[in-house]
Each structure stands twice: as structure tokens, then as C-alpha cells.
Amino acid sequence: MTTRTTAPGTAEVELAIGGMTCASCAARIEKKLNRMDGVTATVNYATEKAKVTYQDADVSVQDLIATVEATGYTAHEPPPPATAAEARGGGEARDGQQDGDGHDDELRSLRQRLTTAVVLSVPVVAMAMVPALQFTYWQWLSLTLAAPVVTYAAWPFHRAAWTNARHGAATMDTLISVGTGAAFLWSLWALFFGTAGMPGMTHPFELTIARTDGAGNIYLEAAAGVTAFILAGRYFEARSKRKAGAALRALMELGAKEVTVLRGGREVRVPTAELQVGDRFLVRPGEKIATDGTVVEGTSAVDASMLTGESVPVEVGVGDSVTGATLNAGGRLVVEATRVGADTQLARMARLVEDAQNGKAAAQRLADRISAVFVPVVIGLAVATLGFWLGNGSGLTAAFTAAVAVLIIACPCALGLATPTALMVGTGRGAQLGILIKGPEVLETTRRVDTIVLDKTGTVTTGRMTLLGVHAAASTSEEEVLRLAGALEHASEHPVAQAVAAGAADRVGTLPVPEDFANVAGLGVQGVVEGHAVLVGREKLLAEWAIELPVELARAKSAAEAAGRTAIAVAWDGEARAVLEVADAVKDSSAEAIRRLRELGLTPMLLTGDNRAVAEAVAAEVGIDPEHVIAEVMPEDKVDVVKRLQTEGRSVAMVGDGVNDAAALAQADLGLAMGTGTDAAIEAGDLTLVRGDLRVTADAIRLARRTLGTIRSNLFWAFAYNVAALPLAAAGLLNPMIAGAAMAFSSVFVVGNSLRLRGFRPAA
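Taking an unreviewed UniProt entry as the reference, the protein is identified by name as Heavy metal translocating P-type ATPase belonging to Streptomyces coeruleoprunus. The UniProt entry for the protein carries this comment under Subcellular location (unreviewed entry): "Cell membrane". Listed in UniProt under the heading Sequence similarities (unreviewed entry), the comment for the protein reads: "Belongs to the cation transport ATPase (P-type) (TC 3.A.3) family. Type IB subfamily."

With that settled, the discussion passes to the nonpolar core. Buried together is how nonpolar side chains tend to be arranged in soluble globular proteins. Within the largest apolar cluster, 51 residues are counted, with the highest numbers of intra-cluster contacts made by I218, L220, L231, V378 and V406. Discounting chain neighbours no more than four positions away, the residues touching L231 are L110, R113, L114, A117, A153 and F157. The next biggest cluster of nonpolar side chains, apart from the first, holds 45 residues, and it includes L423, L433, V442 and V696.

Quick look at the pairing of strand β22 (residues 575–586) now. Most of β22 sits out of view: 11 of its 12 residues are buried. As paired elements, strand β17 (residues 461–472) and β22 share eight bridges and run antiparallel to each other. Residue H471 lies in a different strand from β22, and its bridge partner there is V579. Of the strand pairs in this sheet, strand β21 (residues 566–572) and β22 are connected by seven bridges, and their pairing is antiparallel. Within β22, the residue paired with I568 across the bridge is L580. The turn linking β21 back onto β22 is made up of two residues, and D573 within it adopts a positive phi angle of 55 degrees.

Another point: the sheet that holds strand β14 (residues 333–339). With antiparallel pairing, the six strands of this open sheet are ordered in space as β7-β6-β8-β14-β9-β12. Across the chains shown, the open sheet's two edge strands, defined by having one partner strand only, are β7 (266–271) and β12 (321–322). Here strand β6 (residues 258–263) pairs with strand β8 (residues 280–283) via two bridges, running antiparallel. By the bridge assignment, V261 is partnered in β8 with F281.

With that settled, consider helix α21 (residues 590–599). Looking only at α21, the buried set comprises S590, A593, I594, R596 and L597. With its buried residues spanning 165 degrees around the axis, α21 presents them on a single face. Looking at the buried side of α21, the elements it contacts are β16 (451–455), α16 (456–460), β22, β23 (603–607), α22 (612–622) and α26 (695–730). Backbone geometry just downstream of α21 places G601 in the positive-phi region, at approximately 85 degrees.

In a pair of packed helices, the angle between the axes and the distance between the axes together describe the arrangement. One can describe the packing of helix α5 (residues 138–153) onto helix α6 (residues 155–166) by two numbers: an axis separation of 5 Å at closest approach and a directional angle of 45 degrees. The angle between the axes of α5 and α6 places the two elements in the oblique class. Facing V150, T151, Y152 and A153 of α5, the residues of α6 in contact are W155, P156 and H158. Across the contact of α5 with α6, the residue classes tally to five nonpolar, two polar and no charged.

Now for the UniProt feature "transmembrane region" (unreviewed entry) in the protein. Feature annotation in UniProt places "transmembrane region" (unreviewed entry) on residues 114–131, 137–155, 175–198, 218–236, 370–390, 396–419, 715–731 and 737–755, given in this structure's numbering. Between the end C-alpha atoms of residues 114–131 there is a gap of 27 Å, over a span that is 89% helix and 0% strand. In residues 137–155, helix accounts for 89% and strand for 0%; the two terminal C-alpha atoms are 27 Å from one another.

All right, on to the packing of aromatic side chains then. Within the structure shown, the criterion is met by three aromatic pairs. Ring geometry for W186 versus W189: centroids 5.1 Å apart, planes at 25 degrees, classification stacked. Residue W186 and its partner W189 are both found in helix α7 (residues 172–192); the two are separated by three residues, about one turn of the helix. On the accessibility criterion, W189 (31% relative accessible area) is partly exposed. Directly above the ring of Y152 sits R113, whose terminal nitrogen or CZ lies 4.7 Å from the centroid.

As a further point, take a nonpolar patch on the surface. Taken together, W189, F192 and F193 make up a surface patch of nonpolar side chains, about 370 Å² in accessible area. Positionally, F192 belongs in helix α7.

Turning our attention to the environment of L107. Tracing the chain through its elements places L107 in helix α4 (residues 99–129). Judged by its relative accessible area of 6%, L107 falls in the buried class. For the pair L107 and Y235, spaced 128 residues apart in the sequence, the C-alpha separation amounts to 7.0 Å.

Bringing the pattern of salt bridges into the picture now. Here the structure, examined in full by the defined rule, presents 24 salt bridges. For the salt bridge of E297 with R332, the shortest nitrogen-to-oxygen distance reads 3.2 Å. One end of the pair, E297, is in strand β9 (residues 292–297); the other, R332, is in the loop between β13 (327–328) and β14, with 35 residues separating them in the sequence. Given a relative accessible area of 42%, E297 falls into the partly exposed group. In this structure, D699 and R702 form a salt bridge, with 3.2 Å as the shortest nitrogen-oxygen distance.

Quick notes on the rules
Residues numbered from 1 in each chain as written. Predicted model: local features only at pLDDT ≥ 70, side-chain atom pairs only at ≥ 80, totals over all residues. Heavy atoms only, no water. UniProt positions renumbered as here; feature names shortened; annotations may be inferred. Core = buried A, V, L, I, M, F, W, Y, C linked by side-chain atoms within 4.5 Å. Buried < 20%, exposed > 50% of the residue type's maximum accessible area, 1.4 Å probe, protein only. Contact = heavy atoms within 4.5 Å. Helix = DSSP H or I, 4+ residues; strand = E, 2+ residues; numbered from the N terminus. Pairing = 2+ DSSP bridges. Arc of directions from axis to C-beta. Axes fitted to C-alpha atoms, helices over the stretch in contact; angles between N-to-C directions. Parallel < 35°, antiparallel > 145°, perpendicular 65-115°, else oblique. Nonpolar A, V, L, I, M, F, W, Y, C, P; charged D, E, K, R; others polar. Phe/Tyr/Trp six-rings, centres within 6.5 Å; stacked < 30°, edge-to-face > 60°. Lys NZ or Arg CZ within 6 Å of the ring centre and 35° of its normal. Patch = residues over 30% accessible without salt bridge, like charges linked within 9 Å, V, L, I, M, F, W, Y side chains within 5 Å. Areas by Shrake-Rupley, 256 points an atom, 1.4 Å probe, with all protein chains shown as cover. Salt bridge = Lys/Arg side-chain N within 4 Å of Asp/Glu carboxyl O.

What follows is the structure in C-alpha cells.
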């Protein structure tokens, strides 16, 4: 269930909202819900969900749904992402619909209407604008082609306008519906009752200002063209909204799908969803742990970096707790399940992401904000124009001509291109540079951000253990240390051992094969290599063989640990020979990236689940101030850190790549996900950086800001052309060819302005 009890007498529910067409719809629903006694609601247009807190003694969920439906929209409780299977298929929603199918149906319908509009409107516009194409009876062919566009293709606008009108509201849908409807109906009148339907009628291309009675003018190209342009914008918007719930699905996909359960002394393979609390299950090396539990048999190293951000694998043994979806990197484990299904840490993180997404203020689309004033003014002006000319004794035809001209010139042809063209060019250029921008809402945020929080593991650093240093005793060569230690570590599956083996192989080439090998749980490895009895591991392992580190090696070990690195002791033939340093290496590009982010006016901060010594060492290496280092935080704390920064008045950008970052990415004002990370992080972010190069972060913010600036200038000029021509239309002086030419020029200008984004270049 999505209903949760919070404070005594208070409940919280999440509703899936249907029928919204713009951000003002979300605002209207939110306003209606908040008028109910004891109700606090936030409606998110991007995710199409409402998060509602209410007094359950006074209000029921059905009351909330009824209020939404009375406002003209639909509402129901979506099913929770309880299992991976449900997440993959989107378990059955209420009313027998599936969440994914609903989005697919919406996209399919929009695509069909857009295809219809484009195919049919192109010849209509061509015939109206090119006199050479105006053969005898061309106007009737235009009517035949334009009718399906204005009725079938534009139906979503008419339906939304009717819904808005029933509730006393006007949006861009209202203006589009009224403008295209007026143009079409006036064209019908001119064709059937005026002179426009006469054989041989033409639209001469004359750029003159003269008063006409409108009986010979048709506006079918305006009605059809506007519909096609606006539908294109809606289609690309719907495509970006389709992935609103993908972060949750990606989180649930991380869990193991099947598990080996021990029942009656036998191993039985079952789906993870069938696990019960108390079941004991087997986890082999390389397998994911199916659910949260306690180790009852075996020892191993568990890679929990996907959930905790801790780069060094955690050693676990009998009695230790393990978390579902983490990776068993070492030995065989038997685990007793302590939490299953919606109670696991993974499921709780999914709820964190969901809460963070729904907690965001709905991004108000710039065009909708302007239309809140522009639409009522234009409709009022059209009515005033009609009344003025009727009262002036100019006749019904002239009065209607002027009023309809006002609606037609105000109908935003270029506005339909302003956002989608800039977004398409900007996102296309971004894709070439490895930057994926999710939608126009993201762009508005990039201009405001002043603080950028960087996850350490996998973002600032490589995210994998690397051999960084070798300290050999005076009597031993570095090459010999690497050959013997690397050979023994190569036989181990432990990630730290693999880092040593890989580093040794890179530096000395082919490694010998151990003649004997044994893993010492929690301490390291031992064996025989080239006739030498070799020990590689913790200092405690050497102590068990009565071997002490000499002063110089003990000093090297202390220095390595002070810098936050893992120190590994190496000994053979009863003598300590070396100390190896292993750590998560900082990416070569990170320091340069921090410098570029500062140049954009951002304050970089380092946020990590690692210990403070590691975090401060990394921060010093890349140029982040020590006071801006936040270490030893759990996933829940990462969200709280972002919230705390936001309450301090900061606009926060977050860069991360792990599951542990997903909720924080969703909570941040701007989430930037490294494409080399997990699907959960990528889907929770607003911008995805395909490459693992942190320098792309600065380029992404620059490109997003440039794209937003282009959209703003497009919107300005799209409205400027309309506003400048409105007085001419109201005065009855607007020649239809001038209107068509102005509309075409404004569209060409918007497209040309958007194409300038193709010249965007990354910083040198």
C-alpha cells in the first residue's frame, strides 16, 4: 500500500494523477487539495503524482480522489514497487491498467496525431504561402487536408481547453484551441458563405497593410501549422516524462532475482520474492546477497560500495549483518534472512528516491507562466475588438475579421518551436559530448545552482582499488616484492588482492604460479612462491608468525593509513620485506574539473561514506577545502546533507554514480549522474554524464545554461512578434499574408537561434 501512518491521527498517501497537460494543471489540483480541512498536498507535474498528508479521522483517500476528479482530472493509488518482478513489468495498476502501458499508450497516441498533423499540414501551408501552387479549387483541397488536423490531431488541446473552461481557467491549451478553432471556423464561413470558395481564388503574396472584410480570406494554414508545431513540442515532452519512475525500477532491478535456499539439508533454487524471514540461504563467491540477513556460516569480503559508497570491501563472518543487493566478493556464506520485501534496505532506499522526487516543487514551464497572463489578455482583447468594431458601425463581417485576426496572430506558432527546437539541438549536441539532458525543467535549475556536492567513490575517484605505492626494505628490490606478492595475491578473489596482482602484473609482467596457497580469513594470504614462504596481508598475520615490521616499514604503514590508504604487509622467509599501499585512486581529470566548477561560480563539496582520513586526503589532492568535506555518511544521511544545505538557502547540484547516491540525486535541485555508474543513479539524475570524466560536469552545466538562455530568447521573440502585430490586428489592418509571413519569419528565427547551439564547444 502507498498509504503510511505518520504522526498520530495523520496519514500520508501518494496518488497517481492523470489528465495534466501543463504545470498550471498541477498547481490547480494542489490548490484544490490544500483547501480541504487537514490536508497538505504537493503535486508534481513531472512525475504525475500527488503526495498528500491528511487527518485520517476527517478525510479519506476516496475524498481526496473525489476532489481531484471534481477538478477535472483522474487519481488513483499506484501500487508500491514491492518486488523486482513488479518493478520490471510495472505490476497491475488499479482499473486494470499497467503503468508502463499507460505511458506507452500516451506516447503512441501523440505520435499518431503528430504524424497526421505533419503529413497533412505541410501541403496546406505550402499552397497558402506559394501562389504558384494555388491551382483551381486549391482552397477546397486545403480544407480537406486541414480538417483532420484541426479535429483529430488537435483533439487533446480542445479537450484540455474544455476542461479548463469548466473550472474557470485558461492555459496555453485554451489559446491554441480557440485560435485554431477560430481560424478553421472562419475559413469555413469564408468558403461556404463568402467569396473564398469561388473557383480561381488565390492568396496573393502582398506585404501591404489594408483593411479587408475577411470574406475572401482563409486561415487553414495557420490552424494546421500551429497544431503540428505544438504537437511536436508535446510529444518530446511526453517522451522525457515517460521515465519518471525509472529510478525506482532501476533500484529494484539491483536485487538478486533468484536465491539458493537451504531446506531440509537440500539446496533449493527459488525466486527471491518467496524468501521468508528466518530462511537460510547460500551465497557463493560472485553472487549478490538476496536480502538483508545475518551470517550464520562462513567468512568473506562483501563489496557494499553500490549501497554505502565504501570503496574497501567489508570483511564479514558469523554474526555479522549483510545487506541485500551487495556482492559477495570472497568465500561461501550461509545467511539467515532478517528482512524481506518492502522492509529491506534496498526497498527503503527506493522509498527515499520516491519521496525525494515527489518532494520537489513542480517546475513551472516558462511558457505556461507567461500564458497565465497572456491568454486571458488575448481573449479579452479579441472580445473588446469585436465589440469596438460592432459599436463603431463597421458591420458584422469587418468586426469578426478583426477579432479573429487578433486570435490568429496571437496563436503562438513560433512558441510551439521555442522550447522543443532549442531542447532538441541542445540535447543533441550534449549527446555528442557525452551529456544527456532529461528535459526543459532541468535547464531552469542550472542557472540557480551555487553549490555542487560531489560523491567520492566512482565520481572523483575511479571507484576501484589500485596499487599506488610500494615501500621495500633496504635489502629487497621492488621488483622482487611485486613478483612474489603479486603471484600470491593473484590466486585470491579479494578485491584488494586483485588490485595488488593487477598492479604487479602491469609493472613486472608475467607473474609466477604459487606452489602452495591458503587464504587466512580476515588477515590475508600465505603460500609458497619460487621456493619462498610468502605472507601478504595485515600486520597481525605477520605477528602470528613472530615477524615484526622494521622501523622504516612501520613508518611507511602509518603514513599510508594516515592518508586513508590500505596498508598491506609483505614478508617471506621469516622477514618483513615491504609495505604496499592500495586505495581508490583519484581520477586524473578531477582536479581540473574542480577548477572549472569554481569558475562557474559553484562551491564544490565532497560527500562520501568513506572515513574522514580518506575523504580529506582525496579533497586535498583535487583542491576542495577541508571545511567542505562531509565523510562517514550513510545513504539516508546523504539525503539529509542535501536537505540541510537547501535549508541554508543554497541551490544544490549533486554528482554521483552509486545506488547510495540515487536518493540524494533526486533530492538535489540538480542531479548529475555519472553514466559509468548504476542505472538507479542515472535515472534519478537530471543530467547524465556518459563518460566517467568529471570535467564533463562543468561542460554539462555550461551547455544547460546556454540551452536555457536560447529557450528564453526564443520565447521572447515568439511573443514579441505576436504582441507587435496585435495592435494591427485589432485595428483591422492585418493582411493575412503579412500575418503568415510574420508567423513564418518568427518560426525561422526561432529555429535559426536554436541551431546556434550546435556550435557549443567543451572548455579547452
